[in-house]
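Reading the structure
Below, each chain spelled out in residue letters.
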Amino acid sequence: SNSVSDDLNQEIEHLLITPNNKSLLVVDANSVMYQYKTDDRALEINHGEIHRGKTRAISVTRDGMFLFSCCNLGGLRQFSFTQRKVLKTWSPFERHDETGHELPLEGFNCMTMAPGRLIAGDSTGKILEISVLD
């Protein structure tokens, strides 16, 4: 095995390879996301803090253009890799957003992408599907 980086000095919470296999996404215990090149293991982008709370799950669309993430405070975000910014934030306190869904206050435990939708599960066994463009 080979070390990717000695820079983190933080507990690693999430790892995800992008669909094109060119980048490794690493989220540390402070919800800071780093993007490393898989070919030479060099830090490509430090995306900074993606949530104020603890990041609980991340998932990338099939085309690798968008990242979805959620935190223990119930926030769900859509992040654009090309624009390097948050495009949308859903909050559990906004009960009447355009999805029509009620988000769990404690956030989702896991997420995965399916064609045209994000599927997420919470600690109560509830599974939610949100339509997205991918």
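Just above sits the structure.
For the structure given in this document, a descriptive report is provided here. (Residues numbered from 1 in each chain as written. Predicted model: local features only at pLDDT ≥ 70, side-chain atom pairs only at ≥ 80, totals over all residues. Heavy atoms only, no water.)

**What to know about the nonpolar core**
Among the nonpolar cores identified, the biggest contains 15 residues, and Phe68, Leu76, Leu103, Phe108 and Met111 are the most heavily contacted of them. Taken together, the elements giving at least two residues each to this core come down to strand 6 (66-71), strand 9 (110-114), strand 10 (117-121) and strand 11 (127-131). The element best represented in this core is strand 6, accounting for 3 residues. Not counting residues within four places of it along the chain, the set of residues in contact with Met111 comprises Ala57, Ile58, Ser59, Phe68, Ser69, Cys70, Leu76, Leu118, Ile119 and Ala120. (Core = buried A, V, L, I, M, F, W, Y, C linked by side-chain atoms within 4.5 Å. Buried < 20%, exposed > 50% of the residue type's maximum accessible area, 1.4 Å probe, protein only. Helix = DSSP H or I, 4+ residues; strand = E, 2+ residues; numbered from the N terminus. Contact = heavy atoms within 4.5 Å.)

**Quick word on the sheet that holds strand 5 (residues 55-60)**
Strand order in this open sheet of 4 strands is 5-6-7-8, and the pairing throughout is antiparallel. Strand pairing shows two members of the sheet lacking a second neighbour, strand 5 and strand 8 (85-90), which therefore form its edges. Strand-to-strand twist of the sheet, defined as the mean angle between neighbouring strand axes without regard to direction, takes the value 20 degrees. Bridge count between strand 5 and strand 6: 5 bridges; the pairing is antiparallel. Counted as the bridge partner of Ala57 is Cys70 from strand 6. (Pairing = 2+ DSSP bridges. Axes fitted to C-alpha atoms, helices over the stretch in contact; angles between N-to-C directions.)

**Some points on the side chain of His47**
Along the chain, His47 turns up in strand 4 (residues 43-49). Owing to a relative accessible area of 14%, His47 belongs among the buried residues under this scheme. A polar side-chain atom of His47 sits 2.7 Å from a polar atom in the side chain of Gln35. Not counting residues within four places of it along the chain, the set of residues in contact with His47 comprises Met33, Gln35, Phe79, Phe81 and Arg84. (Polar contact = N/O pair within 3.5 Å; in protein donor to acceptor, adjacent residues only side chain to side chain.)

**What to know about the pattern of salt bridges**
Tallied over the entire structure, the rule returns 2 salt bridges. The partner of Glu13 in a salt bridge is Lys54, and the shortest N-O contact between them spans 3.6 Å. With a gap of 41 residues between them, Glu13 in strand 1 (residues 12-17) and Lys54 in the loop between strand 4 and strand 5 connect regions that are remote in the sequence. The exposure class of Glu13 is partly exposed, given its relative accessible area of 23%. You can call Lys54 partly exposed: its relative accessible area is 41%. A salt bridge links Arg117 to Glu129; the shortest N-O distance between them is 2.7 Å. Of this pair, Arg117 sits in strand 10 while Glu129 sits in strand 11, and the two are 12 residues apart along the sequence. On the basis of relative accessibility, which here comes to 30%, the residue Arg117 falls in the partly exposed class. The exposure class of Glu129 is partly exposed, given its relative accessible area of 42%. (Salt bridge = Lys/Arg side-chain N within 4 Å of Asp/Glu carboxyl O.)

**Remarks on unusual backbone geometry**
The backbone phi angle of Ser31 is positive, close to 65 degrees, even though this residue is not glycine. Take Ser31: it is sitting in the loop between strand 2 (23-28) and strand 3 (32-37).

**Considering the environment of Leu87**
By the element assignment, Leu87 lies in strand 8. A relative accessible area of 37% places Leu87 in the partly exposed class. Ignoring any residue separated from it by four or fewer positions in sequence, one finds Leu87 in contact with Phe66, Gln78, Phe79 and Ser80.

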